[in-house]
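Observations on chain architecture
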Amino acid sequence: MQKLSLPIPAPEALAASEALTQQLRAAVAEQGWIPFSQFMEKLLYTPQLGYYSGGATKLGKDGDFTTAPEISPLFGGTLARLYASLLPAIAPEVMEFGAGTGKLAKDFLTECRAAGIAVRRYAIVDLSGELQARQRETLAVFPEVVWLDQMPEAFSGLVLGNEVLDAMPVNLVQRDNGVWRERGVALAEDGAFCWQNGPQVPAEWLEQMSDHDQLPDGYLTELHPVACGFMRSLSQMLINGQQQTGSHGVAVLIDYGFPEREYYHPERDQGTLMCHYRHHAHPEPFYLPGLQDVTAHVDFTAMAVAASQQGAQVQFYNSQAAFLLGAGITDLLSRTSAEDALSYLPQSQALQKLTSPAEMGELFKVLIVGTGADLPPLLQLQDRSHRL
């Protein structure tokens, strides 16, 4: 592992990280080798100690990274406008996966309340106890908000998932003498974690990479069976909801990633795995277990295929910029007079960060799947799902 120069954690955080490290060492020692997907799951979701299930601040200036809802209420307000345009084809309900600090929900519901848009229920599914506590505080004035322990079997309405797919464990694979093997974690003689390739990858996994035979030896990348499974479950939930209620369901998934042909480009030969700690990005997942986020970019082609194979329709795919502009974010900005510089300029700068190709506008993509509710015409014109 390369030497990293990063902020030093507080003593109690270091103690929690060491406790998780001991659990991880025991798990690896017991099996001799574990796939990285299992290691990543433990890093993120071990009760009380994992990154998302522990107590550390995740988002904002005191956390490890910043998400679009933290930048501006225009983001949540634009999603509320989309929701309003879909009514009454969808049920007046919203479900958000991985709601972070609750900022997206707050901005969404604030816009709906101001515009007189009905929200019968806003359900949140979140595995982080620390974040759920912050959500309850942030959303205390919205009695329509409820928390669920898991995805329900059926739902009709709008589903939101902002930076959810990238937080799901990935499987690392590497081509070794013409054979794709799963990369996992073992223990070195000094007890440190080390990389080690394991068994040959099942043939069905490689279906995610159409040109896997053309990639060179040594090529390292990620596959996404957990996220694909989530997309299948999500799609089935929307289909069940339509069958039971007659109302459509629409899911909007926003994340950083690429379509397949860009994801598995020959030049992207070390994959996309990345760690975030106190607004520093680096590639070392063995550093401070439980105290840093570990993510991978999303293969949006695989997500779309998983949804469509389950029976959902792929209704939209494009950059975050194209989505926000097509969904009317500039209309929200125009409600503030440009002559009121004190109010207008911060909002204008936030919009620029959300939509600029040099900021979040092109790196982040939006995938919409559902049961067939018509999207707004301007958004339909921006659809590039044929590029998946």
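Please read these numbers as outputs of a predicted model, since none were measured by experiment.

So, how was this worked out
- Residues numbered from 1 in each chain as written.
- Predicted model: local features only at pLDDT ≥ 70, side-chain atom pairs only at ≥ 80, totals over all residues.
- Heavy atoms only, no water.
- Core = buried A, V, L, I, M, F, W, Y, C linked by side-chain atoms within 4.5 Å.
- Buried < 20%, exposed > 50% of the residue type's maximum accessible area, 1.4 Å probe, protein only.
- Helix = DSSP H or I, 4+ residues; strand = E, 2+ residues; numbered from the N terminus.
- Contact = heavy atoms within 4.5 Å.
- Polar contact = N/O pair within 3.5 Å; in protein donor to acceptor, adjacent residues only side chain to side chain.
- Axes fitted to C-alpha atoms, helices over the stretch in contact; angles between N-to-C directions.
- Left-handed = near helix turned anticlockwise from the far one by under 90°.
- Nonpolar A, V, L, I, M, F, W, Y, C, P; charged D, E, K, R; others polar.
- Pairing = 2+ DSSP bridges.

Moving on: the nonpolar core. In terms of nonpolar packing, the biggest core is built from 46 residues, with F108, Y122, V252 and F323 touching the most fellow members. With seven residues, the top contributor of residues to this core is helix α4 (residues 73–86). When near neighbours in sequence (up to four residues on either side) are disregarded, V252 contacts L79, L82, L158, V159, L160, G161, F323, V366, L367 and I368. Counting residues in each nonpolar core, the second largest holds 34 residues, with L24, F39, V170 and L215 among its members.

Along the polypeptide, Q174 turns up in strand β6 (residues 171–176). Here the side chain of Q174 touches R183 through a polar contact of 3.0 Å, side chain to side chain. With residues up to four places along the chain from it excluded, the contact list for Q174 reads V179, W180, R181, R183, N197, G218, Y219 and L220.

Okay, the packing of helix α7 (residues 225–245) against helix α9 (residues 300–310) next. Any two packed helices are characterised by the angle at which their axes cross and by the distance between the axes. Interhelical geometry of α7 versus α9 gives an angle of 40 degrees and a closest axis separation of 8 Å. In this structure, the crossing between α7 and α9 has a hand that is right-handed. Between α7, through A227, C228, M231, R232, S235, Q236 and I239, and α9, the contact on the second element is made entirely by A302, M303, A306, A307 and Q310. Taken together, the residues that form the contact of α7 with α9 break down as eight nonpolar, three polar and one charged.

The antiparallel open sheet is built from three strands, whose spatial order is β12-β11-β13. Each end of this open sheet is capped by a strand with a single partner; those strands are β12 (280–282) and β13 (293–295). Here the strands of the sheet are splayed against their neighbours by 25 degrees on average, with no regard to which way each runs. In this structure, strand β11 (residues 274–277) lies alongside β13, joined through three bridges in antiparallel fashion. When the sheet's bridge partners are listed, C275 is paired in β13 with V294.

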